[in-house]
Amino acid sequence: MNMMAYNSSYDMMNSTASTLSLSSDYVYLYDDYEPCSTDTTITLGSNFLPVLFSLVFVVGLAGNSVVLLILIKHIRLKNMTDVCLLNLAISDLLFVLSLPFWAYYTSDHEIVSTALCKAIVGLYQIGFYSSVLFVTLMSIDRYLAIVHAVFAMRARTLCFGVVASIGIWTVAICGSIPAMAFNKVVAPESTTCQPEYPIGEEKIWKLIHNFEDNVLGLLIPLPIMMYCYVSILIVLLRSRNSKRHRAIKLIFMVVCVFVVFRLPYNVVVFMKSLQEFGIGDKCENAKRIELALQLTETVALIHCCVNPFIYAFVGEKFRKHMNHMFSRFSLCAYFCKQTSIHMKVSENETSNTPL
C-alpha cells in the first residue's frame, strides 16, 4: 500500500491505513522541495493494527448492540435522553462496522472496488462526526434537566429529540460527502483506497477536511460541553442532595474521556494544517507530526467502545434491564444477582438522577 505524499490527514481511516505502507513515504517541503522520507514514523506495524481494529470492533459491537437491544425491547423511546442514547449507539455501530474492512486493508490486503472504498469511508466519517455531536446533544440534555428543570419539562420531549437527531445526521452526512466523493481505488497504478483530488485543488480540499474535523470534532462540541457541565457543577455544589458526589464524578469522567480520546487527534490535525501553509515544514517536524497522528488516531478509535459504559451502563435503569436480560444465562446468573442486591441498596439514591 502506498502512503499519500504530504496528506493532511484526509480522514482517520486513510492515514491510519497508510501507516502500513510497504514503500517509502515522502513529504515535499516548501523551502527546498526535496523529498523527506517519513517511513521511519511507521511504527504500528501490520500485525498490531489489525488486532486493534478487531478488538475495538468486537467490544464496540457488543456494547452498542446491548444498548440498542435494551432501548428497543425494554425501555422504548420515551424522552430526549432515550433518543440520544439510541442515536449515539447507532453512530458508534456505523463506526465499528467499518473496522473489519480496515483490519483487512491494513494487513497488507488490497481493496479492489471503488464502491466498497466509498462505502467504508462513508460509514467511518458519518459515525465519527455523528458520535461526537450526539455526545454534545446529551450534554445539552443533562444541562436542561438540572439547570433549567422547569423548562426541561417542555423541551426534553421525544419530538424535540427526534428533530435534533435528524439535524445531527444531516450535518454528519453532509460533512462526509467530500470524503465519499473523492476517495476511490486508484487503478491500475494501485489498489489502495485513497482520496484523488482535482488537479490544482489538492491543498484547498485537504484544508477543508481538516477544518471540518476541527469544527465538528472539537470547536463546536468542547465549548458546549464545558459550558453545560460547568453550569451543572455549580448547581450541584449548591445542592445538598446526597447523590451529588456521584453525579460530579460522572461529569468529570465524561469530560476527561472526551478530552483524552478526542482532543489529541484534533490538535495534531491542526498542526498538519499549519504545514500546508509552510509553518513548521521541516523534515524532522513532519516526521514527528506523522508519528503523533498515528498515535492519536489509534487512541481515538477506542472512544466508540467507551460510550456505552459512560452514557448507558452506569445508569440504574439500564443496569436493571441488562441484569434481567442476562440473568437467564447460567454463567451470568450469580453476578446479576449480586448486582441486583447492590442496586436495591442504592436505588433510592441514584435512580432518579438525570446524569
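Quantities reported herein were computed from a predicted structural model and do not represent experimental measurements.

A. View of the overall build of the protein. When helices and strands are counted, the protein shows 14 helices and 4 strands. Out of the 355 residues in the protein, the part that is buried amounts to 51%. Excluding contacts between residues fewer than 6 apart, the proportion of contacts in the protein whose partners are at least 24 apart in sequence is 76%. A total accessible area of about 16,500 Å² is found for the protein, and carbon and sulfur atoms account for 69% of it.

B. Up close: the packing of aromatic side chains. Inspection of every chain in the model, using the stated rule, returns 7 aromatic pairs. Between Y143 and Y227, the aromatic rings sit 5.6 Å apart at their centres with planes inclined by 50°, giving tilted as the arrangement. With a gap of 84 residues between them, Y143 in helix 5 (residues 114-147) and Y227 in helix 9 (residues 221-238) connect regions that are remote in the sequence. When its relative accessible area of 52% is taken as the criterion, Y227 is described as exposed. In textbook terms, an aromatic cluster arises when at least three aromatic residues are bridged by ring pairs, as seen for F128, Y129 and Y265.

C. Fine view of the UniProt feature "transmembrane region" (unreviewed entry) in the protein. Following the UniProt record, one finds the feature "transmembrane region" (unreviewed entry) at residues 48-72, 84-105, 111-137, 158-181, 215-238, 250-271 and 291-314. Annotation note: span residues 158-181, helix share 100%, strand share 0%, distance between end C-alpha atoms 34 Å. Here residues 291-314 runs as 92% helix and 0% strand, with 35 Å between its end C-alpha atoms.

D. Just the side chain of N87, in detail. Among the secondary structure elements, N87 is positioned in helix 3 (residues 80-97). N87 sits in the buried class, given a relative accessible area of 9%. Here S165 takes part through its side chain, which lies 3.2 Å from a polar atom of the side chain of N87. For N87, the residues in contact, after removing those within four places along its chain, are F134, S165 and W169.

E. Just the environment of T192, in detail. Take T192: it is sitting in the loop between strand 3 (183-185) and strand 4 (193-195). In this structure T192 comes out as buried when scored by relative accessible area, which is 4%. For the pair T192 and Y105, spaced 87 residues apart in sequence, the C-alpha to C-alpha distance is 8.6 Å.

F. Region of the structure containing the pattern of salt bridges. Taken as a whole, this structure holds 2 salt bridges when the rule is applied. Residues D141 and R156 are paired through a salt bridge, measuring 2.6 Å at the closest nitrogen-oxygen approach. Of this pair, D141 sits in helix 5 while R156 sits in the loop between helix 6 (149-155) and helix 7 (158-182), and the two are 15 residues apart along the sequence. Residue D141 is classed as buried on the basis of its relative accessible area, which comes to 2%. K184 is the partner of E196 in a salt bridge, and the nearest nitrogen-oxygen pair spans 3.6 Å. Of the two residues, E196 sits in the loop between strand 4 and helix 8 (202-219) while K184 sits in strand 3, which places them 12 residues apart along the sequence. Overall, K184 belongs to the partly exposed group, its relative accessible area being 26%.

G. Spatial organisation of the nonpolar core. Of all hydrophobic cores here, the largest spans 82 residues; its most connected members are L99, W102, Y311 and F318. With residues up to four places along the chain from it excluded, the contact list for F318 reads V67, I70, L71, I75, L85, A312 and F313.

H. The packing of helix 3 against helix 7, seen in detail. Viewed as axis vectors pointing N to C, helix 3 and helix 7 meet at an angle of 25°, and their least axial separation amounts to 8 Å. By the angle between their axes, helix 3 is roughly parallel relative to helix 7. Considering the relative orientation of helix 3 and helix 7, their crossing is right-handed. Across from M80, V83, N87, I90, S91 and L94 in helix 3, the residues of helix 7 making contact are L158, F160, G161, V162, S165 and W169. In the contact of helix 3 with helix 7, the residues fall into 8 nonpolar, 4 polar and no charged.

I. Quick peek at a nonpolar patch on the surface. Residues L55, V58, V59 and F309 make up a contiguous nonpolar surface patch of about 360 Å² in total accessible area. No other element matches the 3 residues that helix 2 (residues 45-75) contributes to the nonpolar patch. Tracing the chain through its elements places L55 in helix 2.

J. Local environment of the confidence of the model for the protein. Chain-level pLDDT for the protein is 76 on average; 73% of the residues reach the 70-or-more range. Looking at the elements of the protein, mean pLDDT is at its lowest for strand 1 (residues 26-28), recorded as 42, and at its highest for helix 7, recorded as 93. In this model, residues 1-33 is a region of pLDDT below 50 whose contacts with residues beyond four sequence positions or in other chains number 131 contacts. Here residues 338-354 scores under 50 on pLDDT; set against residues more than four positions off or in separate chains, the count is 19 contacts.

Rules of the game
- Residues numbered from 1 in each chain as written.
- Predicted model: local features only at pLDDT ≥ 70, side-chain atom pairs only at ≥ 80, totals over all residues.
- Heavy atoms only, no water.
- Helix = DSSP H or I, 4+ residues; strand = E, 2+ residues; numbered from the N terminus.
- Buried < 20%, exposed > 50% of the residue type's maximum accessible area, 1.4 Å probe, protein only.
- Contact = heavy atoms within 4.5 Å.
- Areas by Shrake-Rupley, 256 points an atom, 1.4 Å probe, with all protein chains shown as cover.
- Phe/Tyr/Trp six-rings, centres within 6.5 Å; stacked < 30°, edge-to-face > 60°.
- UniProt positions renumbered as here; feature names shortened; annotations may be inferred.
- Polar contact = N/O pair within 3.5 Å; in protein donor to acceptor, adjacent residues only side chain to side chain.
- Salt bridge = Lys/Arg side-chain N within 4 Å of Asp/Glu carboxyl O.
- Core = buried A, V, L, I, M, F, W, Y, C linked by side-chain atoms within 4.5 Å.
- Axes fitted to C-alpha atoms, helices over the stretch in contact; angles between N-to-C directions.
- Parallel < 35°, antiparallel > 145°, perpendicular 65-115°, else oblique.
- Left-handed = near helix turned anticlockwise from the far one by under 90°.
- Nonpolar A, V, L, I, M, F, W, Y, C, P; charged D, E, K, R; others polar.
- Patch = residues over 30% accessible without salt bridge, like charges linked within 9 Å, V, L, I, M, F, W, Y side chains within 5 Å.
- pLDDT = per-residue confidence, 0-100.

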